[in-house]
Amino acid sequence: MSIVNGYQRIFPLPNGDLVRATPKFSIEVWDSKNGLLKKNLVSNYYKPIVFGLLSSGDLIAGYSFNKTLLIWDLSQKNEKIKRIIQTDEFFWCLTVLANDDLAIGQQSNNFDIVIRDSMSGQMKKRLVGHSKIVYQILLMPNGNLVSCSLDTKVIIWDLNSGVIIKSLAHPSSVYSIAILNNGNLISSLNDGSVNIWNKKTWILEKSFKVHSSSICWNSYLLVLSNGDLASGSYDGTIKVWNPYTQAIKLVLDSHKSIVYQLAFTSFGNIVTSSASSLLFWK
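Attention here is on the structure that accompanies the text. Everything quoted here is computed from the prediction, not taken from an experiment.

1. Section: the sheet that holds strand β5 (residues 48-53)
Part 1 of the reasoning: Overall, antiparallel pairing links the four strands, which are arranged β5-β6-β7-β8 in an open sheet. Pairing within the sheet leaves two strands with one partner each, and these edge strands are β5 and β8 (80-86). Between one strand and the next, the sheet's axes are offset by a mean angle of 25 degrees, whatever the strand orientation.
Part 2 of the reasoning: Two strands pair when backbone bridges link them, and strand β6 (residues 59-63) and strand β7 (residues 68-73) are joined in this way by five bridges, in the antiparallel orientation. Across the sheet, residue I60 finds its bridge partner in β7, namely I71.

Following this line, the structure appears as structure tokens:
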């Protein structure tokens, strides 16, 4: 479906709806089955950029210009803001942890990862180690965190202590990360290549090229149920490929322009976004 205002972040909801940011004061909620705009969540806060879902079903949205988090109650017909949390962070990525704490990655300021309580807004930890924009934060199966950054590092963190377990150096900026079905870590670089790291030793097992240009940020490596990965790139393609054999199984170029984001919907489909369109794939 066609979109306006260029590329903006998207976030699928459990009921199948799709949240989309705008460059101003509102958040769009789309009926992804019918391609219809259902409503706008309007506030006095400018430029929503990150989203997450709390265990209560509430939507949390981070507004970069105001450095503010709003918690929206989506259970009501007329959605209301339940809480407002003022922070010091310039948001770039947000991950909701198992206990509903928030792991926030920053695009400027000191680039620390900040852990906040989603109820009180209190800062609980500051993870110090990155020196440039933090593109993505993942919660690992063992409870540790892993993050990637423009500073060329992937860092594995002990979430309880905030201590760095391992820092993995790369030859260029790392835009996206994912956990493979066998537990290994995969990282994507701005030259279109990927690295696969052993989950026990953190030794680099494999490095190979997937795209001819950068694999985009915004959680851009999706692990499919069969273990394959889907990725999108500045080269304008979406590819489905096997991380173990390196075989490219499918190449899609329907966007005809940079593919900025991929996400799973609750229906099991994949939604992809360029600057001009959202496409839904079965």
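2. A look at the packing of aromatic side chains
Part 1 of the reasoning: Counted according to the given criterion, the structure contains seven aromatic pairs.
Part 2 of the reasoning: Centre to centre, the rings of Y45 and Y63 are 6.1 Å apart; their planes meet at 55 degrees, and the pair counts as tilted. With Y45 in the loop between β4 (36-42) and β5 and Y63 in strand β6, the pair connects residues that are 18 residues apart, well separated along the chain.
Part 3 of the reasoning: Centre to centre, the rings of Y46 and F65 are 5.2 Å apart; their planes meet at 85 degrees, and the pair counts as edge-to-face. A residue pair is termed long-range when its members are at least 10 positions apart, and Y46 in the loop between β4 and β5 and F65 in the loop between β6 and β7 qualify at 19 residues.
Part 4 of the reasoning: For Y46, a relative accessible area of 29% corresponds to the partly exposed category.

3. Brief notes about the nonpolar core
Part 1 of the reasoning: In this structure, I115, L145, V154 and L185 are the most contacted members of the largest nonpolar core, which totals 39 residues.
Part 2 of the reasoning: Residue contacts for L145: discarding those within four places in its chain leaves L97, A103, I115, L127, I137, L138, L139, M140, I155, I156, W157 and L159.
Part 3 of the reasoning: With 22 residues, the next largest nonpolar core counts A178, I215, I238 and I270 among its residues.

About the cut-offs
Numbers given for residues are sequential positions, taken from 1 along each chain in its written order. It should be noted that, the model being predicted, local features are given only for residues of pLDDT at least 70 and side-chain atom pairs only at 80 or more, the latter also being counted only at that level, while totals for whole chains, interfaces and linings use all residues. To get the side-chain values, take all heavy atoms of the structure and skip hydrogens and water. For two strands to pair, DSSP has to find at least two bridges joining them. For helices the rule is a DSSP run of H or I covering at least 4 residues; for strands it is a run of E covering at least 2, with both sets numbered from the N terminus onward. Between N-to-C directions, angles cover 0 to 180 degrees, with each direction set by a line fitted to C-alpha atoms, over the stretch in contact for helices. The criterion for an aromatic pair is that two Phe, Tyr or Trp rings (for Trp, the six-membered ring) have centres within 6.5 Å, with stacked assigned to planes under 30 degrees apart, edge-to-face to planes over 60 apart and tilted to the rest. Burial here depends on accessible area, computed with a 1.4 Å probe over protein chains only, as a share of the maximum for the residue type. Under 20% is buried, over 50% is exposed, and the range in between is partly exposed. Among the buried residues, those of types Ala, Val, Leu, Ile, Met, Phe, Trp, Tyr and Cys that are joined through side-chain atoms within 4.5 Å form a nonpolar core. Throughout, a contact is declared for two residues whenever any of their heavy atoms are within 4.5 Å.

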